[in-house]
Structures are given as structure tokens and as C-alpha cells.
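Inside the fold
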Amino acid sequence: MDKAPARGKGDLHPPSPAAVQARSSLPPFFAVSLAKLAIMNLCTLGLYQLYWFHENWRCIRRREGADLSPARRTLLFPFFCPACFGRIRAFDRALNGRSRLHSAWLATGYLVMNLADLLPEPWPLITLLAFAFVLPVQACANRLNAQVCTAPFDRNTRIRGWNWLVVGVGGVLLIVGIVAAFHEAQR
């Protein structure tokens, strides 16, 4: 179910110029504002990153017609994070001739930050900041979405509905967790 597209090894080759030049009414990548991405990541204690990966892989599968499993690639994000970041960079290069997105460095930083969870208290708290390596990737994706879309699309900038519940409950849990981690470290 998770096979590479017919044109080659999907994670290693950029999309064809024809596929990139084709304007679409749908954004090529998951749309979310940087502020919302940061808030949701902090208030879900990092779980929003899994949603972010899943939605990007869904967009990639739809756009490329690739036979891949967004759920599998999300659950195995440490292995597929570089490929996701790389696909966004490849699309940028194919569309604009070059890309300033340093996807390999950002993926490496993201994965290293997630490994901080293995350190003694309070160091695992820095894993909450791993999303900082996703922000430049999302900024690039937002720019590409705006370049390619022919119709207005939801830029996902507002916190609404269930997001408020998550922000409220998660925000309290975040504060309690930080206080508890520092209290434990002082013992």
C-alpha cells in the first residue's frame, strides 16, 4: 500500500515540471498559519505534529496520485520526516527553479529534538519545541499553496471549535507539566 509513484523513487525525485506548473483549486500542501501551528503544537504537547504530518501526506498522495499510506508514514514519522520535508522542497525547486528550504537540516534538527525525550528531567521538555523545525517548512508550504491555488482556500489561521477545547485543556496540562518537571528536577 505504500509504494513509490510510477515515475521513480517518489521520495528522491522532484515532481515533474508539468505536474508543478498545473494550477489547482486545492492547495498542494496542508495549510495552517505559523501561529496556529505553534499554539496547537504546544497545547497538544506535540501531538498536533502527527496531525500535521498526516495532512501533508494526504495532500501529497492526492496531488501526486502516489500509492502511499498517510497513516503509516505518520506513525513512522522518524523515518518519513525527511521525505515529507524533501517533497515540499522538491516542489518549491520545480516551481521556482530553486528553494531556500534546507529540508535535510530541518529534518535532522527535528528528529534530534525529539530524541531529547530520552534525557533526564527536565530536559525532555525541550521536545515541546521540536515544532520550531517545522515552522520554516510550513512557511514554504504556505507560500507554495498561495502560488499554485487558483481558487480561494481555507488558510487555517483561526483557532475555532474543538481547537479551543484542546488549547484550554492542553494549556493547563502544559503549565502543570512544566511546573512538575522543574519541581522534580529540584529534588
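First, a word on scope: everything that follows refers to the structure included in this document. The structure displayed is predicted, hence computed values, not measured ones. (Residues numbered from 1 in each chain as written. Predicted model: local features only at pLDDT ≥ 70, side-chain atom pairs only at ≥ 80, totals over all residues. Heavy atoms only, no water.)

Things to note about the packing of aromatic side chains
Geometrically, a pair of aromatic rings is defined through the distance of the ring centres and the angle of the planes. Enumeration over the complete set of coordinates arrives at 11 aromatic pairs. Ring geometry for Y48 versus Y51: centroids 5.4 Å apart, planes at 45°, classification tilted. Of this pair, Y48 and Y51 both sit in helix α3 (residues 48-64), three residues apart, which is roughly one turn of the helix. Ring geometry for F85 versus Y110: centroids 6.3 Å apart, planes at 55°, classification tilted. (Phe/Tyr/Trp six-rings, centres within 6.5 Å; stacked < 30°, edge-to-face > 60°. Helix = DSSP H or I, 4+ residues; strand = E, 2+ residues; numbered from the N terminus.)

Quick look at the environment of L26
Its place among the elements puts L26 in the loop between α1 (17-21) and α2 (34-43). Residue class for L26 comes out partly exposed when judged on its relative accessible area of 42%. C-alpha separation for the pair L26 and V148, spaced 122 residues apart in sequence, amounts to 8.3 Å. Those residues in contact with L26 that lie beyond four places of it in its chain are R62 and C149. (Buried < 20%, exposed > 50% of the residue type's maximum accessible area, 1.4 Å probe, protein only. Contact = heavy atoms within 4.5 Å.)

So, α3
Think of an α-helix as turning once every 3.6 residues; residues three or four places apart then point the same way. For α3, built from 17 residues, the straight-helix expectation of 24 Å at 1.5 Å per residue is met to within 8% by its first-to-last C-alpha distance of 24 Å. The inward-facing, buried residues of α3 contact α2, α4 (70-75), α5 (77-96), α6 (103-115) and α7 (135-148). Trailing α3 by a residue or two, G65 shows a phi angle of about 65°, which is positive. (Expected span 1.5 Å × (residues − 1).)

Overview of a nonpolar patch on the surface
Side chains of L45, W162, L165, V169 and L173 sit close together on the surface and give an oily, nonpolar patch of about 560 Å² of accessible area. Note that V169 resides in helix α8 (residues 162-186). Given a relative accessible area of 48%, V169 falls into the partly exposed group. (Patch = residues over 30% accessible without salt bridge, like charges linked within 9 Å, V, L, I, M, F, W, Y side chains within 5 Å. Areas by Shrake-Rupley, 256 points an atom, 1.4 Å probe, with all protein chains shown as cover. Salt bridge = Lys/Arg side-chain N within 4 Å of Asp/Glu carboxyl O.)

Observations concerning the environment of L135
Considering the arrangement of structural elements, one finds L135 in helix α7. Excluding its chain neighbours within four sequence positions, the residues that come into contact with L135 are L34 and L37.

A look at unusual backbone geometry
Phi at L45 takes a positive value of approximately 55°, unusual for a residue other than glycine. Topologically, L45 is positioned in the loop between α2 and α3. At N156, a residue that is not glycine, the phi angle is positive and equals roughly 55°. Tracing the chain through its elements places N156 in the loop between α7 and α8. Of the residues examined, N156 reaches a relative accessible area of 11% and is grouped as buried.

Details of the packing of α2 against α3
As a packed pair, α2 and α3 sit with axes 8 Å apart at the nearest point and diverge in direction by 130°. When the axis of α2 is compared with that of α3, the two are oblique. Of the residues in α3, those touching α2 at K36, L37, M40 and N41 are Y48, Q49 and W52. In terms of residue class, the contact of α2 with α3 is built from four nonpolar, two polar and one charged. (Axes fitted to C-alpha atoms, helices over the stretch in contact; angles between N-to-C directions. Parallel < 35°, antiparallel > 145°, perpendicular 65-115°, else oblique. Nonpolar A, V, L, I, M, F, W, Y, C, P; charged D, E, K, R; others polar.)

Some words on the packing of α3 against α5
In a pair of packed helices, the angle between the axes and the distance between the axes together describe the arrangement. Where α3 meets α5, the closest approach of the two axes is 11 Å, and the angle between their N-to-C directions is 50°. On the basis of their axis angle, the class for α3 and α5 is oblique. For the pair α3 and α5, the sense of crossing is left-handed. Along its contact with α3, which presents L50, W52, F53, N56, W57, I60, R63 and E64, the element α5 presents F77, F80, C81, A83, C84, F85, R87, I88 and F91. Within the contact of α3 with α5, the residues separate by chemical class into 13 nonpolar, one polar and three charged. (Left-handed = near helix turned anticlockwise from the far one by under 90°.)

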